[in-house]
2 protein chains.
Amino acid sequence: MTYRYDHPRPALTVDCVVFGLDEGDLKLLLVQRSQEPFRHRWALPGGLVGMEESAERAARRELEEETGVRDVYLEQLYTFSAVDRDPRERTISIAYYALVKMTDHVVRAATDAGGAAWFSVTDAQDLAFDHDLIVHTACERLRGKLRYQPIGFELLPEKFKLSQLQRLYEVVLGTPLDKRNFRKKILAMDLLRPLDEVEQGVAHRAARLYRFDSRRYQELRRRGFNFEL
Amino acid sequence: MTYRYDHPRPALTVDCVVFGLDEGDLKLLLVQRSQEPFRHRWALPGGLVGMEESAERAARRELEEETGVRDVYLEQLYTFSAVDRDPRERTISIAYYALVKMTDHVVRAATDAGGAAWFSVTDAQDLAFDHDLIVHTACERLRGKLRYQPIGFELLPEKFKLSQLQRLYEVVLGTPLDKRNFRKKILAMDLLRPLDEVEQGVAHRAARLYRFDSRRYQELRRRGFNFEL
DNA sequence: ACAAAAGTGTTGGCCCTACACCCATGA
DNA sequence: TCATGGGTGTAGGGCCAACACTTTTGT
């Protein structure tokens with residue numbers, strides 16, 4: 001099987017769709033390109049996969065190098081391989097999506113050349129390469145995943161109020177939810193630990209804070225429990 | 001951005017997990033390797049991605065070249081990129097899974113050297129490379145997908161009886177289903193067209209045949225309908 | 001006549017939906 | 001005292017699970 005060594009090969013990259021939540025606004029982390037092609041256009045953070053690292057490692061490395069973001073929820077999304085997706089040469093990209101707690105992760109300023117910045121998903125358009133398509137794919141995946149797996153918590157701070165969680169679901173799923181029914185359902189799952197803390201300094205009744213109990217979730221899942229909505 | 005042209009690059013392949021259903025037995029289509037490494041071991045059909053074809057095209061091409069199977073339901077599964085997954089050199093594989101109607105697709109005989117053959121999923125073990133892992137991933141995906149999208153029909157003949165459909169669900173999901181409830185639910189969706197035909201030559205009451213109405217499904221989906229179980 | 005699978009309805013309980021008012025807090 | 005979001009219960013309907021016998025056909 002020596003024939004393999006002679007073949008021309010596509011370049012192989014990773015790209016990351018990084019989601020964050022800011023006051024009920026779903027955001028994306030983008031970087032501005034400083035070189036051609038697509039110079040000055042915004043693009044997904046990403047880059048070449050090294051010979052000694054898995055694709056996921058490459059994604060995490062690029063994410064940290066380009067935006068300073070690390071230690072986040074990261075999952076493979078899809079591999080994009082259209083022949084003409086990169087005008088320079090044949091390039092295949094393994095796309096990942098990440099969920100970050102924006103409160104925890106401060107990102108490099110956008111004012112720097114080549115800096116990173118958060119955009120509302122609705123504003124993230126006309127990106128470099130086929131990144132519009134990748135973003136669209138990621139949004140659909142996030143919507144689907146959120147209904148069937150408790151990953152929304154990855155977008156919230158450790159301690160959050162139920163109304164934050166509800167707003168998150170409303171934003172991502174695109175439908176309003178009934179407050180009483182939402183609370184009943186999510187609390188009935190017994191996945192949230194109520195804390196003895198309430199939010200501080202608000203001009204109305206202070207909300208109780210909760211924390212997602214992931215131990216409990218693992219436990220329930222082993223017993224055949226399936227998260228939904 | 002000229003640095004890219006100098007870099008060593010991983011080889012890039014596709015692999016296909018091909019599912020078929022045979023009398024209520026879930027099967028996999030494998031090919032026997034004729035070369036090292038893993039000579040004589042069974043493996044997933046697949047091969048290198050060409051410079052002028054997308055990964056999906058490569059998957060379809062390899063599938064036809066190695067097994068004669070074509071025109072099937074095919075979907076991207078996952079991209080496997082562990083550094084040591086190929087002992088020869090760094091190789092990344094974009095895995096696909098396919099669903100074929102075994103009655104329609106006759107496959108090249110396994111007796112040929114390098115031939116293809118169907119294996120029960122439970123027997124498909126000790127495959128070449130990381131193909132055990134790929135198969136396992138595909139089985140999980142199939143299970144998940146089957147519950148939320150009407151793709152089971154891709155494994156059945158055009159005309160099928162409800163008991164075949166039920167057995168399919170039972171096999172893939174691994175749980176017995178109640179006959180009356182199953183029929184009520186699936187018929188209530190109004191996705192199956194009853195035919196004026198019944199099966200022939202059986203030593204018991206002949207079953208009515210049905211056909212999946214995919215036009216109807218597209219229609220319902222545009223109106224917000226979501227298939228489930 | 002028997003073996004083997006096809007086909008068919010009802011009931012009880014659970015869950016989901018719809019819906020409106022009082023509470024606590026800071027300004 | 002007002003504005004703002006936090007927090008709570010119930011009733012009706014639809015959906016799901018459980019369950020057993022009759023029908024048809026070939027041998």
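Topic: the relation of the copies chain B and chain A
Then step 1. Each copy of the sequence occupies a distinct position, and chain B is placed on chain A by a rotation of 180° and an axial shift of 0.0 Å, giving an RMSD of 0.1 Å. In symmetry terms, the pair is related by a two-fold rotation axis.
Then step 2. The overlap is high: 100% of the interface residues of chain B also sit at the interface in chain A, so the same surface is used on both sides.

Some points on the domain arrangement of chain A
Residues and elements named next belong to chain A.
Then step 1. As assigned here, chain A comprises domain 1 (2-148) and domain 2 (156-222).
Then step 2. Taking only C-alpha atoms into account, the centre of domain 1 sits 29 Å from that of domain 2.
Then step 3. The interface is formed by 9 residues belonging to domain 1 together with 9 residues belonging to domain 2.
Then step 4. Carbon and sulfur atoms supply 73% of the area that domain 1 and domain 2 bury against each other, a total of about 940 Å² over both sides.
Then step 5. Sorting the residues of domain 1 by area buried against domain 2 places Leu21, Lys101 and Leu146 first, and these three jointly supply 50% of that buried surface.
Then step 6. Our count for the domain 1 to domain 2 interface comes out at 1 salt bridge.
Then step 7. A salt bridge links Glu158 to Lys101, with the nearest nitrogen and oxygen atoms 3.9 Å apart.

Overview of the protein's contact with DNA strand C
Then step 1. What surrounds DNA strand C is a group of 21 residues, the closest being Val202 of chain A together with Ser163, Lys179, His204 and Arg208 of chain B.
Then step 2. Of all atoms in DNA strand C that approach within 4 Å of the protein, 41% are sugar or phosphate atoms.
Then step 3. Lys179 of chain B is positioned such that a nitrogen or oxygen atom in its side chain is 2.6 Å from a base nitrogen of DNA strand C.
Then step 4. Note that a base oxygen of DNA strand C is positioned 2.9 Å from one of the side-chain N or O atoms of Lys184 of chain B.
Then step 5. At the level of secondary structure, the elements contributing two or more residues to the surface near DNA strand C comprise α4 (179-188) of chain A together with α4 (179-188) of chain B.
Then step 6. At 4 residues, the largest contribution of residues to the surface near DNA strand C is made by α4 of chain B.
Then step 7. Residue composition of the surface near DNA strand C, grouped by class: 6 nonpolar, 4 polar and 11 charged.

Considerations on the environment of Val171 of chain B
Then step 1. Inspection of the secondary structure puts Val171 of chain B in helix α3 (residues 162-173).
Then step 2. In sequence terms Val171 of chain B and Gly24 of chain B are 147 residues apart; their C-alpha atoms lie 6.9 Å from each other.

Considerations on the interface of chain B and chain A
Then step 1. Contacts between chain B and chain A engage 35 residues on the former and 36 residues on the latter.
Then step 2. Here chain B and chain A share an interface that buries about 3,300 Å² over both sides, 53% of which is from carbon and sulfur atoms.
Then step 3. Among the ionic pairs, Arg9 of chain B bridges to Glu89 of chain A, the shortest N-O distance being 3.0 Å.
Then step 4. For the side of chain B that touches chain A, the elements supplying multiple residues, two or more each, are β1 (11-22), β5 (73-80) and β6 (91-100) of chain B.

Calculation rules
- Residues numbered from 1 in each chain as written.
- Chains lettered and ligands numbered in written order.
- Predicted model: local features only at pLDDT ≥ 70, side-chain atom pairs only at ≥ 80, totals over all residues.
- Heavy atoms only, no water.
- Least-squares fit on C-alpha atoms with pLDDT ≥ 70 in both.
- Contact = heavy atoms within 4.5 Å.
- Domains from an automatic or database assignment.
- Buried area = accessible area lost by both parts, 1.4 Å probe.
- Salt bridge = Lys/Arg side-chain N within 4 Å of Asp/Glu carboxyl O.
- Near = heavy atom within 4 Å.
- Polar contact = N/O pair within 3.5 Å; in protein donor to acceptor, adjacent residues only side chain to side chain.
- Helix = DSSP H or I, 4+ residues; strand = E, 2+ residues; numbered from the N terminus.
- Nonpolar A, V, L, I, M, F, W, Y, C, P; charged D, E, K, R; others polar.

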